[in-house]
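Here's the letter readout for the chains.
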Amino acid sequence: MDVYDIVVIGAGPGGYPAAIRAAQLGAKVAIVEREYFGGTCLNWGCIPTKVFAGVASLVHQVRHKCNTGIRVQGIEVDYPALFQHKERVVHQLRNGVKQLLQAHGVNIVTGNGRFVDPHTIEVQSEGQRTCLTAKRVIIASGSTSLIPPQIPQHERIVDSRGFLALQQLPASLLVIGGGYIGCELACIAAVAGVRVTIVEMLDDVLTILDPDVRREVRSFMENILGIKIITGTKIEELDVPGTEVRVKTGNGEIVTDMVLVATGRKPVTDGLDIEKAGVKTDGRGFVIVDDYGRTNVGNIYAVGDVTGRMQLAHYATSQGLTVAENACKLTLQRFETVVPSVIFTIPEAASVGLTETMAKAEGRDVQIAKFRFGGLGRAVAAAETMGFVKLITDPGTDQLLGAAVVGPHATELIAELTVAVRAEITAKELASTIHAHPTFSEAWMEAAHAVHGLCVHAPPKKR
Amino acid sequence: MAKPIMMPKFGQMTEVSTIVEWKKKEGDRVSRGDILFTVETDKSVMEVEAFVEGVLLKIVVPAGVSVPVNTIVGFIGEPGEPVPDVKPFGVDSQQAKEVPQKKEIAYVMAADAAQAKVVGTGGLVTPQPLLTASGQVETPPAPAVSPRARALARRLAIDVSKVKGSGPGGRVTEKDVLGYARDRGYTNLKITPAALELARREGIDVLEVIGTGSGGRITVEDVRRAIAEKPQPLSRMRQTIAARLTQSFTTQPHFYVTVGVDVTDLIEFRNKIKSQGAPYTVTDFVIQAVVVALQEFPEVNSSTDGHTVRRHQHVNIGLAVAVEGGLVVPVIRYAECKSMYEIAMEAKQLAEKARLGKLTPDEMSGGTFTISNLGMHNVDVFHAIINTGEGAILAVASAKLQPAVKDGQIVPRWLMNLTLSGDHRLIDGVTGARFVNALKSKLEDISLWQRLCVW
């Protein structure tokens with residue numbers, strides 16, 4: 001029986017980069033996957049939603065730029081064709097991952113892995129059993145939608161994965177949960193012509209964003225996309241008497257063709273028998289790891305959603321690389337701490353580092369500076385003037401602690417500030433850095449000048 | 001004429017005090033009984049109230065400056081009244097180091113009457129006019145640094161005092177700073193912009209910071225660590241502790257003798273009377289045993305300066321009490337005249353006051369013997385340092401259930417170790433051994449306690 005240096009469980013955005021990096025470092029690596037390469041992100045998450053979001057954004061732009069010199073007649077979303085396109089994209093990327101793993105000499109084992117002991121993984125696949133002996137194991141088994149127990153199982157009630165598998169969209173959709181998954185899918189559906197309602201238990205949607213940032217997104221979703229958003233309301237009862245779903249909420253009944261449940265995610269540890277390895281989990285089943293990705297068992301690490309930290313594909317990837325290096329070189333590198341969040345609503349929003357809300361909660365004194373895209377030549381030229389960028393700085397050292405952006409290309413723009421925050425750049429340096437004209441990224445420079453009250457393209461602050 | 005406000009004298013021992021905070025500003029109306037300022041002595045924080053009316057005309061000694069007692073700290077009078085000319089006095093060296101740019105000068109004047117009284121829980125202490133000789137300490141003159149050199153060093157976040165000057169009289173020039181920075185490898189230093197900014201602001205020498213970022217780059221976190229490691233002045237209380245214990249440990253030759261006391265019967269006795277409502281703790285029994293034993297061993301209840309010996313005629317028991325940031329030692333005076341109940345109650349009150357920071361200086365002085373009890377902190381044995389000026393201290397460890405030999409049998413018993421630290425100039429080994437054994441036999445003698453603690 002072969003002894004592997006590293007066995008990775010799960011080939012999602014946390015697992016496959018970990019396997020490849022370990023192989024690059026000379027380890028003998030096996031990866032266990034029970035479904036598809038690329039995990040949730042590639043198959044039922046980030047990637048397929050971006051196929052839809054890209055089209056939705058384009059369609060929306062075409063519709064709303066009639067007065068800027070485009071005339072289009074009869075634009076509509078061909079959902080079945082779009083669905084086929086999504087399938088092609090997913091296939092291509094999935095194969096890409098597989099080829100990369102193979103090219104790096106990672107042994108691919110298909111099937112359901114489970115721990116026999118801390119060093120032995122048994123993989124079951126169609127009656128076949130394979131036993132892998134591992135010096136070290138990286139758990140990267142991911143997460144799945146958390147469906148509240150009171151919600152019945154029915155084909156008209158779907159989670160994000162089920163929604164992305166639909167070949168045809170319903171006429172009306174109720175989204176339970178106003179987090180980023182719920183809001184992204186709501187925007188896609190609304191542009192495709194679906195009547196969408198969002199019900200959120202909290203007082204607002206997208207609460208990971210600062211109030212001023214999310215207000216911009218919410219008002220656009222409500223006023224332009226026509227999405228009905230009901231906040232501070234609980235779902236009390238849900239049943240499917242015929243071809244429609246009846247949903248009783250705290251303030252009235254809603255009748256809809258379909259319900260999308262987007263109320264959060266839970267770890268995937270079923271069938272993994274991690275207790276046989278002695279790995280500890282928290283009350284909600286997430287594997288507990290320290291800042292180096294170590295579980296309580298010496299040779300077992302965990303990365304990604306299963307650890308219950310920020311559930312983001314790029315964070316999982318970063319963790320995977322860190323852990324692979326820690327496991328192979330026996331170093332102690334910490335997980336990165338500067339993690340950008342990107343939200344593909346219409347308009348897009350993104351943030352990194354400290355938010356104003358977090359600073360307030362910590363009682364930390366910060367300085368806030370904003371610049372609206374309406375003051376930017378490029379944005380005016382492109383007729384994309386809604387939204388703004390926002391900087392959060394330390395008044396003492398001028399350090400950039402955080403940034404947020406809502407508006408055109410927000411998810412791309414956040415990259416610059418991710419570098420800046422991680423590199424501990426000051427607002428003064430960001431302001432002094434020449435930003436190419438005319439680009440959307442100039443907004444950061446203007447906001448950085450605004451930190452010191454020296455913004456050229458904004459009227460002076462009233463005293 | 002404007003009336004001077006004096007720094008009052010708090011108790012017998014206090015010679016220097018620090019104003020923590022002025023509660024009134026210059027120009028404020030002051031009524032009799034208003035709190036003027038708070039003062040930190042070497043032991044506690046006290047409030048000082050005015051007992052003349054008028055307007056606070058001038059604050060002579062600002063907050064944060066230590067001055068001898070009876071220094072004039074300010075003037076009260078009617079608006080427009082001239083403030084008398086006072087001649088500059090000394091500057092407390094500690095404070096001077098902390099505020100190098102701003103020289104604080106205190107003024108003193110031989111005054112006829114003190115114009116403030118102390119409000120403490122202990123009541124009124126009459127200030128006694130007294131001029132202390134000096135609070136002045138010579139500081140070596142720092143080498144001259146040119147303003148440009150200083151500005152450059154600040155911009156680079158390096159410590160200019162480490163730069164060797166080449167100018168006249170060793171004056172540090174801009175060129176010297178540049179050369180120093182180059183020699184120390186400043187050009188190769190990797191530091192994030194925010195970290196440099198923070199280092200400048202906090203006066204951290206970046207050449208002394210070890211970078212832990214990628215490629216050894218100095219990050220904000222590294223500078224934060226350096227800030228946290230910067231030597232901070234000890235609190236007034238810790239400075240007092242440091243001075244006293246160092247004095248004791250370096251001038252009084254300590255020796256130690258330990259005895260194990262079987263407190264099984266005592267605990268049983270105590271639990272019995274406790275169930276009847278008696279308030280005694282095990283410590284109260286130890287205090288009482290010490291009070292009795294000290295009267296039998298006058299050489300332990302003594303103090304010496306190495307030339308003379310003073311046999312104390314009262315038993316004043318100091319109790320070491322842990323408080324936030326250090327410890328204080330309130331004293332039960334004339335314990336030999338008090339009943340066990342009185343002693344127990346006073347010990348409780350003093351400990352409570354100590355924890356609230358309300359002890360007056362007089363309540364913390366005059367001890368002849370101290371007891372330090374770590375019984376509640378699970379220790380087998382420990383050695384205490386004599387409270388300076390006293391002859392001995394008793395360290396009380398935890399009572400623990402242990403195997404003991406009684407009547408030839410091994411039985412579980414509650415055993416507690418007592419360790420005497422004695423000043424060997426006064427107390428020899430045999431005396432120490434006899435003293436701790438006297439304590440042991442008293443604590444193990446239940447008939448004694450049946451007599452002593454009537455309940």
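Reading guide: rules and limits
- In this convention, every chain numbers its residues from 1, walking through the sequence in written order.
- Following the order in which they are written, the chains are lettered starting with A and the ligands numbered starting with 1.
- Restriction of local features to residues with pLDDT of at least 70 applies here, the model being predicted, together with a cutoff of 80 or more for giving and counting side-chain atom pairs; totals for whole chains, interfaces and linings are based on all residues.
- Only heavy atoms go into the side-chain values, all of them from the structure, while hydrogens and water stay out.
- Secondary structure elements are taken from DSSP: a helix is a run of H or I of four residues or more, a strand is a run of E of two residues or more, and numbering for both begins at the N terminus.
- Should any heavy atoms of two residues lie within 4.5 Å, those residues are considered in contact.
- Every residue is assigned a pLDDT by the predictor, reflecting its confidence on a scale from 0 to 100.
- Fitted lines through C-alpha atoms serve as axes, helices being fitted only where they are in contact, and the angles separating the N-to-C directions of these axes extend from 0 to 180 degrees.
- Here the angle decides the label: under 35 degrees means roughly parallel, over 145 means roughly antiparallel, 65 to 115 means roughly perpendicular, and every other value means oblique.
- The nonpolar class holds Ala, Val, Leu, Ile, Met, Phe, Trp, Tyr, Cys and Pro. Asp, Glu, Lys and Arg form the charged class, and all remaining residues, Gly among them, are polar.
- The rule for a salt bridge is simple: a side-chain nitrogen of Lys or Arg has to be within 4 Å of a carboxyl oxygen of Asp or Glu.
- Note on exposure labels: buried denotes an accessible area under 20% of the residue type's maximum, exposed denotes more than 50%, and partly exposed covers the range between, all computed with a 1.4 Å probe on protein chains only.
- One bridge is not enough; two strands pair if DSSP finds at least two bridges between them.

### Digging into the environment of Glu 53 of chain B
All names here are of chain B. On the secondary structure map, Glu 53 appears in the loop between strand S5 (45–50) and strand S6 (54–59). Expressed as a C-alpha distance, the spacing of Glu 53 and Arg 217, which sit 164 residues apart in the sequence, is 61 Å. In this structure, Glu 53 is in contact with Val 30, Ser 31, Arg 32, Ile 76 and Glu 78, ignoring residues within four places of it in sequence.

### Focus on the confidence of the model for chain B
Any segment with low pLDDT has predicted coordinates that should not be analysed in fine detail. Residues and elements named next belong to chain B. Averaged over every residue, the pLDDT of chain B is 84; the share at 70 or more is 85%. Taken together, the stretch residues 87–139 has pLDDT below 50 and engages in 102 contacts with residues farther than four places along the chain or on a different chain. For this predicted complex, the interface score ipTM comes out at 0.77, while the overall pTM is 0.74.

### So, the packing of helix H2 (residues 147–156) of chain B against helix H3 (residues 174–183) of chain B
All names here are of chain B. Where H2 contacts H3, the axes come no closer than 7 Å and their chain directions differ by 30°. It follows from the interaxial angle that H2 and H3 lie roughly parallel. Together, Arg 148, Ala 149, Leu 152, Ala 153 and Leu 156 of H2 and Glu 174, Val 177, Leu 178 and Ala 181 of H3 make up the contact between the two elements. Here the residues of the contact of H2 with H3 sort into seven nonpolar, no polar and two charged.

### Some thoughts on the pattern of salt bridges
Residue and element names in this part refer to chain A. Within this structure, the stated rule accounts for 45 salt bridges over all chains. For Glu 237, the salt bridge identified is with Lys 248, shortest N-O distance 4.0 Å. With Glu 237 in strand S12 (residues 235–239) and Lys 248 in strand S13 (residues 245–249), this residue pair connects regions lying 11 residues apart in the sequence. For Lys 248, a relative accessible area of 40% translates into the label partly exposed. For Lys 390, the salt bridge goes to Glu 356, with nearest N and O atoms at 2.7 Å. Residue Lys 390 is found in strand S21 (residues 388–393), and its partner Glu 356 is found in helix H10 (residues 356–362); the two are separated by 34 residues along the sequence. Taking the relative accessible area as the measure of exposure, Lys 390 reaches 0% and is therefore buried. Its relative accessible area of 24% is what places Glu 356 among the partly exposed residues.

### Here's the deal with the sheet that holds strand S15 (residues 258–261) of chain A
All names here are of chain A. Strand order in the open sheet made by the five strands is S8-S15-S9-S10-S11, with parallel pairing throughout. Sheet topology places strand S8 (157–158) and strand S11 (228–230) at the edges, where each strand pairs with a single neighbour. Two elements, strand S10 (residues 195–199) and S11, share three bridges in a ladder whose sense is parallel. Directly across from Thr 197, in S11, lies its bridge partner Lys 228. Docked against the sheet, helix H6 (residues 180–191) engages strand S9 (172–176), S10 and S15, running at close to 165° with respect to S10.

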